[in-house]
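A look at the structure
Here is how the chains run, residue by residue.
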Amino acid sequence: ARSETVGAQVSEELFTGGLTALGLAIVLMLVYIWFRFEWQFGVGAILGLFHDVILTLGLFSVLRMEFTLTIIAALLTIIGYGINDTVVVFDRLRENLRKYKKMPLGELVDLTINETLSRTIMTGVTALMSLVVLYFLGGEALSGFAIAMIFGIIVGTYSSVYVAAPAILIWGVKRGREGDKRAEAPQPVA
C-alpha cells in the first residue's frame, strides 16, 4: 500500500489556486454570456451562478463538512453545469424573442421556461442518478464531492429556471432586430 501526503504549504497553495480558479471561472462565464447574448443575460447568468455557489457553500457550512480541493472541483463542475443549463434556457429565450415579437416579456419568459423545462429536469435527474451511485459506492474520498454535486445540480436546475431567466424581466431585452426598442418589464397591477 502506497501513501502520499501533501505538506501544509503546498496544500495552502493548492487551495488558494483552487479559489482563484473558482473566481476566474465565474468572471469568464460572465464574459462568455455577455458576448454570446446581451449584458442582461450575463447578469442573469451570474446571479444564477452566485446562487448555486453560495447555497452549496452554505450547505457545507451548515453540515460542518470539511472544505477541500475536491469540493472546489465540485464547485467548478457546478458552475459549468449551471451555466450550460442557463445557456440552453437563454438560447431558447433569444429564439422566442425573435419569433414572438409582440408577446409580453413575462409571457415569453414563461413560454421559454415551459419549453425547456422537460430537458432541464431530465438532464438533472440523469446526473443525479450517477451522483447518488457515486455517493454510495465512491467511498469516503468522494462522498464530499458527491454531496456537493447532488446539491449543486438541484440548486443549479432551480436557478436556471427561477433566478437567471426571470432576472431578464428586471432589465428588459432587445426584441428581434428592432434596434433600440426594448421590451419593458411588466408594470405592477394597481
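Reference entry: report on the structure contained in this document. (Residues numbered from 1 in each chain as written. Predicted model: local features only at pLDDT ≥ 70, side-chain atom pairs only at ≥ 80, totals over all residues. Heavy atoms only, no water.)

1. Concerning the side chain of N96
Looking at where N96 falls in the secondary structure, it is placed in helix α3 (residues 69-99). Excluding its chain neighbours within four sequence positions, the residues that come into contact with N96 are L108, L111, T112 and E115. (Helix = DSSP H or I, 4+ residues; strand = E, 2+ residues; numbered from the N terminus. Contact = heavy atoms within 4.5 Å.)

2. Here we look at the packing of helix α2 (residues 39-62) against helix α5 (residues 140-171)
Following both chains from N to C, one finds α2 and α5 inclined at 150°, their axes separated by 7 Å at the closest point. The pairing of α2 with α5 is recorded here as roughly antiparallel in orientation. Regarding α2 and α5, the two cross each other, and that crossing is right-handed. In the contact of α2 with α5, the residues fall into 18 nonpolar, 9 polar and 1 charged. (Axes fitted to C-alpha atoms, helices over the stretch in contact; angles between N-to-C directions. Parallel < 35°, antiparallel > 145°, perpendicular 65-115°, else oblique. Left-handed = near helix turned anticlockwise from the far one by under 90°. Nonpolar A, V, L, I, M, F, W, Y, C, P; charged D, E, K, R; others polar.)

3. Things to note about the nonpolar core
If you look at the biggest cluster of nonpolar residues, it comprises 36 residues, and the most contacted ones within it are I33, F41, F90, L93, L97 and M149. Of all the elements in the fold, those that place two or more residues in this core are α1 (8-36), α2, α3, α4 (105-137) and α5. Ranked by the residues each element gives to this core, the list is headed by α3, at 12 residues. When neighbours within four sequence positions are excluded, M149 is seen to be in contact with A74, T77, I78 and L131. (Core = buried A, V, L, I, M, F, W, Y, C linked by side-chain atoms within 4.5 Å. Buried < 20%, exposed > 50% of the residue type's maximum accessible area, 1.4 Å probe, protein only.)

4. Overview of the packing of α4 against α5
Across the interface, α4 lies against α5 with an axial gap of 9 Å and an inter-helix angle of 180°. Considering the angle they form, α4 stands roughly antiparallel to α5. Considering only residue class, the contact of α4 with α5 consists of 23 nonpolar, 5 polar and no charged.

5. Quick notes on the packing of aromatic side chains
Taken as a whole, this structure holds 3 aromatic pairs when the rule is applied. Judged by centre distance (5.1 Å) and plane angle (75°), the rings of Y135 and F136 are edge-to-face. Using a relative accessible area of 33% as the deciding quantity, one classes Y135 as partly exposed. Looking at F136, the relative accessible area reads 62%, which means it is exposed. Taking 5.1 Å as the distance between ring centres and 35° as the angle between the ring planes, the aromatic pair formed by Y158 and Y162 counts as tilted. Of the two residues, Y158 and Y162 both sit in helix α5, 4 residues apart, roughly one turn of that helix. Classification of Y162 by relative accessible area gives exposed; the value is 56%. (Phe/Tyr/Trp six-rings, centres within 6.5 Å; stacked < 30°, edge-to-face > 60°.)

6. Focus on the environment of V87
Within the fold, V87 resides in helix α3. A residue is classified by how much of its surface remains accessible, and V87, at 11% relative accessible area, is buried. When the C-alpha atoms of V87 and S160 are compared, they prove to be 8.6 Å apart, with 73 residues separating the residues in sequence. Beyond its immediate sequence surroundings of up to four residues, V87 is in contact with Y32, I33, R36 and F37.

7. A word on a nonpolar patch on the surface
A cluster of nonpolar residues, V27, V31, W34, F35, W39, L47, I170 and W171, forms a patch on the protein surface that exposes about 830 Å² of accessible area. Mapped by element, the contributors of at least two residues to the nonpolar patch are α1, α2 and α5. If one sorts the elements of the nonpolar patch by residue count, α1 sits on top with 4 residues. Note on placement: W39 falls in helix α2. (Patch = residues over 30% accessible without salt bridge, like charges linked within 9 Å, V, L, I, M, F, W, Y side chains within 5 Å. Areas by Shrake-Rupley, 256 points an atom, 1.4 Å probe, with all protein chains shown as cover. Salt bridge = Lys/Arg side-chain N within 4 Å of Asp/Glu carboxyl O.)

8. Some remarks on α5
For α5, built from 32 residues, the straight-helix expectation of 46 Å at 1.5 Å per residue is met to within 8% by its first-to-last C-alpha distance of 45 Å. Where α5 bends most, the angle comes to about 45°, and this point is S159. Taken from the residues just after α5, G172 is the one with a positive phi, measuring 75°. (Expected span 1.5 Å × (residues − 1). Bend = angle between axes of the 7 residues up to and from the residue.)

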